[in-house]
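Structure assessment
For reference, the chains in residue letters:
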Amino acid sequence: MSPENGHHLQSLVDTHGRKHDYLRISLTDRCNFRCTYCMPEEGVECKPKDEILTFEEIIRLVQIFASVGIAKVRLTGGEPTIRKGHEELIGQIAKIPGITSVHMTTNGSSLARMASRYVEAGLSGVNVSLDTLIAERFAKITRRDAMQAVLDGIEEALRVGLSTKVNVVVMPGENDDELESFVEFARHRPVQIRFIEFMPFLENGWANERVMTSADIRARLSEKYTLNPRKGQAESVATEFDIEGVQGSVGFVSSVSESFCGTCNRIRLTADGQFKTCLFLPPRSSLRDALRSGALEEEVISIIRADLATKWAAHPPMSKWRQLDTLSMVQIGG
């Protein structure tokens, strides 16, 4: 039996027939920004260091996940770049058999300095969180004065050839007057602007009226631009469009208004090793505890499969939303 067939037979398929090949790993629950929608203003209590997965444990878990069909890995946080040695970890993950791409979501604050090292390590691309192109507004949203560093990081990432996307959480009355500015940012840059609906997390002030839907954003942009849908996006979180006359592209992440649960191929590991089958569901098992108690590979796979069997078909509509998780976004991992 070829390895491909072996992977195929063992792949992580849930009870709704969805095959999972994409693992998001939070490297830390700490962040050097304090974005208003991501964590409460007073911050959150970070886990003690000994509760966080070690790099050796992360490598071991990725090897196990790769053996059952995980091919894509995304490193998140908190802010993953504040974890010392993360670029070496990127290199180690990229070399694991079966892993075809490693991406990272970052606030971009150290990207200008690190981008070339990431390419050398084997990173495929970055998603940079940037909700505004206005410096004073940036300082208000992130509670940090670092916009120029982030912009410099995006330019450097593009220069060294990293696939680069810019994540924009759209909040009515806060930054929805900048939609066109972001499209213009992509006019002469091969970057994708991803407009993300404001999602409910612990104590982030979410309310239905604070959501500008992807349909509303698309309608607004269509008044000025010609949006052409990209083909072949079955498992993409974002609905992606090319724009006539614009080098870059736009994507819409509609997790509030237009569930994409039916094609979900993602699973998550929190920084302390809890396994989450869905962004909005609480974790059931600790893979860290399994490893530390000496569980064999097959036992870890059994835990993963048992948890995956409980993944829901779709999250309820946000009009009926009830906070199920007790974690803020910074603790779950972006």
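Below or above, wherever it landed, is the structure these notes cover. Just so it is clear, the model here is predicted, and its values are computed rather than measured. (Residues numbered from 1 in each chain as written. Predicted model: local features only at pLDDT ≥ 70, side-chain atom pairs only at ≥ 80, totals over all residues. Heavy atoms only, no water.)

Turning next to the sheet that holds strand E5 (residues 101-106). Strands sit in the order E9-E10-E11-E8-E7-E6-E5-E4-E3-E12-E13-E14 across an open sheet of twelve strands; the sheet is mixed. For this open sheet the edge positions go to strand E9 (227-229) and strand E14 (285-286), each flanked by a neighbour on one side alone. Of the pairings in the sheet, the one linking strand E3 (residues 22-26) to strand E4 (residues 72-76) comprises five bridges and is parallel in character. Along E4, the bridge assignment pairs Arg24 with Arg74. Seen against the sheet, helix H10 (residues 297-308) touches strand E12 (266-269), strand E13 (274-276) and E14 and runs at an angle of roughly 40° to E13. (Pairing = 2+ DSSP bridges. Helix = DSSP H or I, 4+ residues; strand = E, 2+ residues; numbered from the N terminus. Contact = heavy atoms within 4.5 Å. Axes fitted to C-alpha atoms, helices over the stretch in contact; angles between N-to-C directions.)

Further remarks concern the environment of Val253. By secondary structure assignment, the location of Val253 is in strand E11 (residues 249-253). A C-alpha to C-alpha distance of 6.1 Å links Val253 and Phe195, two positions 58 residues apart in sequence.

Bringing the nonpolar core into the picture now. Burial of nonpolar side chains together is a common tendency in soluble globular proteins. With 76 residues, the main nonpolar core has Phe65, Ile93, Ile193 and Phe195 as its most contacted residues. Per-element tally for this core: the top contributor is helix H2 (residues 55-67), with eight residues. The contacts of Phe65, once residues within four sequence positions are left out, are Leu12, Leu23, Ile70, Ile267, Leu269, Phe275, Leu287 and Ile304. (Core = buried A, V, L, I, M, F, W, Y, C linked by side-chain atoms within 4.5 Å. Buried < 20%, exposed > 50% of the residue type's maximum accessible area, 1.4 Å probe, protein only.)

The next thing to look at is the pairing of strand E10 (residues 238-243). Here E9 runs beside E10; their pairing, made up of three bridges, is antiparallel. Directly across from Leu227, in E10, lies its bridge partner Ile243. Note: E10 against E11, five bridges, orientation antiparallel. Of the residues in E11, the one forming a bridge with Ala238 is Val253.

Here helix H4 (residues 111-121) crosses helix H6 (residues 147-159) at 20°, and the two axes come no closer than 8 Å. If you check the angle between H4 and H6, you find them roughly parallel. The two elements H4 and H6 cross, and the hand of that crossing is right-handed. Each of Leu111, Ala112 and Ala115 in H4 lies in contact with H6, whose residues at this interface are Asp152, Gly153, Ile154, Glu156 and Ala157. (Parallel < 35°, antiparallel > 145°, perpendicular 65-115°, else oblique. Left-handed = near helix turned anticlockwise from the far one by under 90°.)

On their own, these measurements won't tell you what the molecule is for.
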